[in-house]
Amino acid sequence: MTDQQPLDADEVLDIVDEQDRVVGQAPRGEAYARGLRHRCTFILVRDAEDRIFIHRRTDRKLVFPGHHDMFVGGVVGAGESYDDAALREAEEELGVRGLDRPEHRFSFLYEGDGGSWWSAVYEVRCTLPVAPQESEVAWHAFVTEEELERRLTEWAWTPDGVAAYRRLREWRAGGARR
């Protein structure tokens, strides 16, 4: 791989229908290029002080390069469960081992900028020192929820992350959906 190539284009994903049933498989790059629906995890990480981990994605990401995100996570590999993918992705992106299993909150079908994917939203507390994966994370910080809210109008954020974050706030307020 050269420095100019995007990350993980060859990773095989399950392709799913509008009810999240597997209907085939494809490499990630092909799934993105053809707009094939697949599965993703979104994990909101809080530290011991209840601050939220935010980061800027590297410019080599296939989707939303250079955007900020309030979730770690990513695609669910072919044959992988959402729960296993959530733990794997959180540990990889945070650069930790021994993280508690993220708690599933809800799932929803994201359809918007970048494509369409089933999205499983999780939360986890991380009290371990983080060393984010440099190939995935260009910058990071833990911020209060109030600081995150202020930054939402100032920075470019991943649209799927913003959609998941809004739904998570609704879920907390009692408006949970599938």
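Conventions used here
Residues numbered from 1 in each chain as written. Predicted model: local features only at pLDDT ≥ 70, side-chain atom pairs only at ≥ 80, totals over all residues. Heavy atoms only, no water. Helix = DSSP H or I, 4+ residues; strand = E, 2+ residues; numbered from the N terminus. Rg over C-alpha atoms; globule rule 2.2 N^0.38 Å. Areas by Shrake-Rupley, 256 points an atom, 1.4 Å probe, with all protein chains shown as cover. Lys, Arg positive; Asp, Glu negative; His and termini not counted. Charge placed at Lys NZ, Arg CZ, Asp CG, Glu CD. pLDDT = per-residue confidence, 0-100. Contact = heavy atoms within 4.5 Å. Expected span 1.5 Å × (residues − 1). Buried < 20%, exposed > 50% of the residue type's maximum accessible area, 1.4 Å probe, protein only. Polar contact = N/O pair within 3.5 Å; in protein donor to acceptor, adjacent residues only side chain to side chain. Phe/Tyr/Trp six-rings, centres within 6.5 Å; stacked < 30°, edge-to-face > 60°. Pairing = 2+ DSSP bridges.

A. Region of interest: the overall build of the chain. In terms of helices and strands, the chain carries four helices and nine strands. Counted from the first residue to the last, the chain has its helices and strands arranged as β-β-α-β-β-β-β-α-β-β-β-α-α. Over its C-alpha trace the chain gives a radius of gyration of 15 Å, about what one expects of a compact globule, namely 16 Å for 178 residues. On the chain, roughly 8700 Å² of surface is accessible, and the fraction owed to carbon and sulfur atoms is 45%. With 24 positive and 35 negative side-chain charges, the chain shows a separation of 3 Å between the mean positions of the two kinds.

B. Summary view of the confidence of the model for the chain. Of the residues in the chain, 94% reach a pLDDT of 70 or more, and the chain-wide mean stands at 92. Ignoring residues within four places in sequence, the model shows residues 1–6, a span with pLDDT below 50, making eight contacts including any to other chains.

C. Focus on helix α2 (residues 82–94). Compared with an ideal rise of 1.5 Å per residue, which puts 13 residues at 18 Å, α2 spans 18 Å between its outermost C-alpha atoms and is within 8% of the ideal. Buried within α2 we find Tyr82, Ala85, Ala86, Leu87, Glu89, Ala90, Glu91, Glu93 and Leu94.

D. Just the environment of Arg57, in detail. Inspection of the secondary structure assignment puts Arg57 in strand β4 (residues 52–57). By relative accessible area, which is 14% here, Arg57 ends up buried. In this structure the C-alpha to C-alpha distance between Arg57 and His140, which are 83 residues apart in sequence, comes to 9.1 Å. Setting aside anything within four residues of it in sequence, one finds Arg57 in contact with Val63, Phe64, Gly66, His67, Asp69, Glu136, Ala138 and Thr158. A polar contact of 2.5 Å, which involves the side chain of Arg57, links it to the backbone oxygen of Val63. A polar contact of 3.1 Å, which involves the side chain of Arg57, links it to the backbone oxygen of Phe64.

E. Here's a closer look at the packing of aromatic side chains. Under the counting rule described, the total for this entry stands at seven aromatic pairs. Here Phe53 and Phe142 contribute two aromatic rings whose centre-to-centre distance is 5.4 Å and whose plane-to-plane angle is 65°, an arrangement assigned as edge-to-face. With Phe53 in strand β4 and Phe142 in strand β9 (residues 137–143), the pair connects residues that are 89 residues apart, well separated along the chain. Neither residue differs from the other here; Phe53 and Phe142 are each classed as buried.

F. Quick look at the environment of Glu92. Within the element layout of this structure, Glu92 appears in helix α2. Glu92 sits 28 residues away from Ala120 along the chain, and the two C-alpha atoms are 17 Å apart. Apart from residues no more than four positions distant in its own chain, Glu92 is found in contact with Arg97 and Gln133.

G. Region of interest: unusual backbone geometry. Notably, Asp20 is not glycine yet its phi reads approximately 70°, a positive angle. You can see Asp20 is positioned in the loop between β1 (12–16) and β2 (22–27). Judged by its relative accessible area of 12%, Asp20 falls in the buried class. Notably, Phe64 is not glycine yet its phi reads approximately 55°, a positive angle. Inspection of the secondary structure assignment puts Phe64 in the loop between β4 and β5 (68–69).

H. Expanded view of the pairing of strand β3 (residues 38–46). Summarising burial for β3: nine of the nine residues are buried, a large majority. Side-chain alternation along β3 places His38, Cys40, Phe42, Leu44 and Arg46 on one buried face and Arg39, Thr41, Ile43 and Val45 on a second face that is also buried. In the sheet, β3 pairs with strand β8 (residues 115–125) via nine bridges, with the strands oriented parallel. Within β8, the position partnered with Arg46 by the bridge is Arg125. Two elements, β3 and strand β6 (residues 72–75), share four bridges in a ladder whose sense is antiparallel. The residue of β6 that forms the bridge with Thr41 is Gly74.

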